[in-house]
Amino acid sequence: MSESPAPSTDEERLAQLGYQQELHRRLSGFSNFAVSFSIISILAGAITSYGIAMNAGGPLAITLGWLFVGIMVTFVALAMAEVCSAYPTAGALYWWAAALAKRNKAAWAWFIGWFNFLGEVAVTAAIDFGAAITTSAFLSLTFDMEVTKGRTFLIFLVLIVAHGLLNTFGVSLVRVLSDVSAWWHLIGVAVIVVVLAVVPDQHKPISEVFTEVHNETGFTFGGAAVYAVLIGLLMAQYTYTGYDASAHVAEETHDAARAAPRGIVLSVVVSVIAGFVLLVAITWSIQDYDAQRTTALGLPPAQIFIDAVGHNLGTFLLFICVVAQFFCGMASVTANSRMSYAFARDGALPGSRLWKKVNVRTGTPTNSIWLCVSISTLLVLPSLWNTTAYAAATSIAVIGLYIAYVGPVLLRRLNPDFRPGPWHLGKWSAAVGWIAIVWVALICVLFVLPVAGPITAANFNYTIFAVLVVVGGATLWWFASARKWFTGPKQNLIEKAAHGEQTMPTGE
């Protein structure tokens, strides 16, 4: 797709890419950043998956592992942002793949889109299920409610339905809450860190915070401790997901060619720094490692808060996390529905005609919202039986999203005709891109490996099966049917003109 002269408005740039403005363009640059920062949500991912790293790797994986993974993810974010600046559309990743592929454009768009769709619904499922775990711990502390799998699942249902309703009817409220969410996260982290630094009578030796290794995976082979640390990196890698949201809401953002790439990169960088400070404070405050790792609350950080600063103050710190995770899930449903809408707009989802509809009054893809809510709920159903369901959901989210993230980056490296947008990496582009590609290849292998031994039906990592089902289904559908009719992104300006429809912009 060739570059035209620089457009003077967002709507003109979108028209150059073949689309009429349908979604309402209401987001500022800060709001765009806030959506991605809220979905990364260090008070969600880093808290709810903290137990994964406590079991696999310990403090080393939690603190230095967070920093290492954060640096690698920053390379991925930078490489994505450069492509986003050139193509600021809601379709984002799969649209970029179609634009950048030299051959088989439709096939690249199809498979990148399906990985993105898988990752989006899995990350929504993992975020709201993690929020349910945290809310269950909070209710246990405040109302002495017993934490059970069934109750946690019911809380998950309440949360995800609430997020669906907010995105359906509270469009203006969602925009305001996204901005509030960014400040809630930053101020909340500061409060938690100060309280954990000042109030506890004793702290863990600072050297152990950065170097201590724990292996509670059940594996005892030579090098098992190193293996545990690598598996424990899932905590950080899972938390650093969802920042593609800045790209998915590009058609709702002012000055999208600059604001969306900035949102992608800043959301990651701020999360790396703030998350590191938060995780050091929490790990420094551990009083009894094994007791807190196996707490009946089902959430180790909750027990760490209580043991370090007392019941009431610890419950208050947990409340900060509960609210942050509610915001996080709400933003995830927003981004998920936009990706689904864009994919359906191009005819790639079963029942696309239904999922691509935009509510004229609210300017939001209402049907896509509830499609995402429904599929995310199905992904969480195994939590009623499988003890590793949460870890599997996080792995699925990581693998699905990161393959979708890095696919366009690879294609950009292989396409000498790529013309950067106003936000670009200059001479650093190649180095950054190849580092991102290698890192994603490594984690795709790492996070389908067994997470606990001896391996049983109850602790089996079913990530590989979920990924294979989607890949296999998308492949079968492609060769049996889709390759005959799926041509990649459909430019709705062309479609509307062919039907004699008016194509006036609706941005605000």
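Let me begin by describing the structure that accompanies this report. All residue numbers here refer to positions counted from 1 along the written sequence of the relevant chain. Only residues with pLDDT of 70 or above have their local features reported here, since the model is predicted, and side-chain atom pairs are shown and tallied only from 80 upward, although totals for entire chains, interfaces and linings are computed over all residues. Side-chain figures throughout are based on the complete set of non-hydrogen atoms in the structure, without hydrogens or water.

**A word on the overall build of the protein chain**
- Helix and strand counts for the protein chain come out as 23 helices and two strands.
- The 508 residues of the protein chain split such that 61% are buried.
- By sequence separation, contacts in the protein chain at least 24 residues apart represent 84% of the contacts at least 6 residues apart.
- Accessible surface, the protein chain: about 18600 Å² in total, of which carbon and sulfur atoms supply 67%.
- Neither His nor the chain ends contribute to the count of charged residues, in which Lys and Arg are positive and Asp and Glu negative. For charged residues, the charge sits on one atom: NZ in Lys, CZ in Arg, CG in Asp, CD in Glu. A gap of 12 Å separates the mean positions of the 27 positive and 27 negative side-chain charges of the protein chain. Put simply, DSSP H or I for four residues or longer makes a helix, DSSP E for two residues or longer makes a strand, and each gets a number counted from the N terminus. Here the term buried applies to any residue with accessible area under 20% of the maximum for its type, exposed to any over 50%, and partly exposed to those in between, with areas from a 1.4 Å probe on protein chains only. Contact between two residues is taken to exist if any of their heavy atoms lie within 4.5 Å; hydrogens are not considered. Only the protein chains shown count as cover for residues, with accessible areas throughout obtained via the Shrake-Rupley method and a probe of 1.4 Å.

**Looking at the pattern of salt bridges**
- Salt bridges are defined by distance alone: a side-chain nitrogen of Lys or Arg within 4 Å of a carboxyl oxygen of Asp or Glu. Going through the model one piece at a time under the given rule, you end up with 10 salt bridges.
- When the shortest N-O distance is used, the salt bridge between K204 and E208 registers 3.4 Å.
- R345 is the salt-bridge partner of E251, the closest N and O atoms lying 3.2 Å from each other. Of this pair, E251 sits in the loop between helix 13 (245–248) and helix 14 (256–284) while R345 sits in helix 17 (residues 311–345); the two residues are 94 residues apart in sequence, bridging distant segments of the chain.

**Some words on the packing of aromatic side chains**
- In this scheme Phe, Tyr and Trp rings, the latter by its six-membered ring, pair at centre separations within 6.5 Å, and the angle between planes marks the pair as stacked below 30 degrees, edge-to-face above 60, and tilted otherwise. This model, assessed by the stated rule, comprises 31 aromatic pairs.
- Summarising the aromatic geometry, the rings of F138 and F319 are spaced 5.9 Å apart at their centres and angled 40° between planes, so their arrangement reads as tilted. Residue F138 is located in helix 7 (residues 105–143), and its partner F319 is located in helix 17; the two are separated by 181 residues in the primary sequence.
- Three or more aromatic residues joined by ring pairs make a cluster, and in this case those are Y94, W110, F111, W114, F117, F343, W477, W478, W485 and F486.

**What about empty space enclosed by the protein?**
- Cavities and pockets were defined on a 1 Å grid built from protein atoms only: a cavity is a group of points that admits a 1.4 Å probe but offers it no way out, a pocket is an open group of points flanked by protein on both sides within 12 Å along at least five of seven lines, and a lining residue is one with an atom within 4 Å of any such point. Grid points are joined across faces, edges and corners, and a volume is the space filled by probe spheres set on the points. The full count for this structure, using the stated rule, is two cavities of 30 Å³ or more.
- In this structure, the largest cavity occupies an estimated 200 Å³ of space.
- As for the largest cavity, its lining consists of 16 residues, of which L27, R175, E252, T334 and R338 are closest to the centre.
- Every element with two or more residues in the lining of the largest cavity is listed here: helix 9 (171–198) and helix 17.
- Sort the elements by how many residues they give to the lining of the largest cavity and helix 9 lands first, with four residues.
- When residues are grouped by polarity, Ala, Val, Leu, Ile, Met, Phe, Trp, Tyr, Cys and Pro land in nonpolar, Asp, Glu, Lys and Arg in charged, and all others, Gly among them, in polar. Here the residues of the lining of the largest cavity are counted per class, giving five nonpolar, seven polar and four charged.
- Here the second largest cavity defines a volume of roughly 60 Å³.
- I39, I40, A44, G45, T48, V123, A126, I127, Y238, T239 and T241 together form the lining of the second largest cavity.
- The element best represented in the lining of the second largest cavity is helix 2 (residues 29–48), accounting for five residues.
- Here the residues of the lining of the second largest cavity sort into seven nonpolar, four polar and no charged.

**Quick notes on helix 21 (residues 429–446)**
- Any helix carries an expected span of 1.5 Å times its number of residues minus one. Taking 1.5 Å as the rise per residue, helix 21 with 18 residues should run 26 Å; its terminal C-alpha atoms sit 26 Å apart, in good agreement.
- For helix 21, the set of buried residues is S429, V432, G433, A436, I437, W439, V440, I443, C444 and L446.
- Contacts made by the buried residues of helix 21 are with helix 5 (64–86), helix 11 (224–232), helix 12 (234–239) and helix 20 (389–414).

**Here's the deal with the nonpolar core**
- One finds Y87, W96, Y243 and Y402 to be the most contacted residues of the largest nonpolar core, which totals 171 residues.
- Among the elements that make up this core, the one with the highest residue count is helix 7 (22 residues). We define the nonpolar core as a collection of buried residues of types Ala, Val, Leu, Ile, Met, Phe, Trp, Tyr and Cys that are connected through side-chain atoms lying within 4.5 Å of one another.

**Brief notes about the packing of helix 8 (residues 149–169) against helix 19 (residues 366–380)**
- Running from amino to carboxyl end, helix 8 crosses helix 19 at an angle of 170°, the nearest separation of the two axes being 9 Å. Considering their axes alone, helix 8 and helix 19 lie roughly antiparallel with respect to each other. Mapping the contact onto sequence places F153, F156, L157, I160, V161, G164, L165, N167 and T168 in helix 8 and T366, I369, W370, V373, S376, T377 and V380 in helix 19.
- Here the contact of helix 8 with helix 19 is composed, by residue class, of 10 nonpolar, six polar and no charged. Angular values range over 0 to 180 degrees, each being the angle between N-to-C directions of two axes fitted as lines to C-alpha atoms, with helices fitted over their stretch in contact. For classification purposes, an angle smaller than 35 degrees is called roughly parallel, one larger than 145 roughly antiparallel, one from 65 to 115 roughly perpendicular, and anything else oblique.

**Some thoughts on a nonpolar patch on the surface**
- Taken together, the side chains of F30, W183, L186, I187, V191, F316 and F319 present a nonpolar region at the surface, about 620 Å² in accessible area.
- Within the residue set of the nonpolar patch, elements represented by two or more residues are helix 9 and helix 17.
- Per-element tally for the nonpolar patch: the top contributor is helix 9, with four residues. Here, patches come from residues exposed beyond 30% relative accessible area and free of salt bridges, joined within 9 Å for like charges and within 5 Å for nonpolar side chains (Val, Leu, Ile, Met, Phe, Trp, Tyr).

**Regarding the side chain of T366**
- Mapped onto the secondary structure, T366 falls in helix 19.
- For T366, a relative accessible area of 15% gives the class buried.
- In contact with T366, other than residues within four places in its own chain, are T168, K357 and N359.

**Quick look at helix 20**
- An ideal rise of 1.5 Å per residue puts 38 Å on 26 residues; helix 20 measures up with 37 Å between its terminal C-alpha atoms.
- When you tally the buried positions in helix 20, you get 23 out of 26 residues, the bulk of the element.

**Focus on the side chain of S36**
- Inspection of the secondary structure assignment puts S36 in helix 2.
- Polar contact is defined as a pair of N or O atoms within 3.5 Å, subject to the rule that within protein one atom must be able to donate a hydrogen and the other to accept it, and that residues adjacent in sequence are counted only when both atoms are side-chain atoms. Here the side chain of S36 touches S246 through a polar contact of 2.7 Å, side chain to side chain.
- Residues in contact with S36, not counting those within four places in the same chain, are G242, Y243, A245, S246, G263 and S267.

**Concerning the packing of helix 9 against helix 17**
- Relative to each other, helix 9 and helix 17 sit at 150°, their axes nearing to 9 Å. Considering their axes alone, helix 9 and helix 17 lie roughly antiparallel with respect to each other. Seen from above, helix 9 lies across helix 17 with left-handed handedness. Between helix 9 and helix 17, the residues in contact are V174, L177, S178, V180, S181, W184, H185, G188, V191, I192, V195 and L196 and L313, F316, L317, F319, I320, C321, V323, A324, F327, M330 and T334, respectively. By convention, the crossing between two helices is left-handed when the near helix turns anticlockwise from the far helix through less than a right angle, and right-handed when the turn is clockwise.

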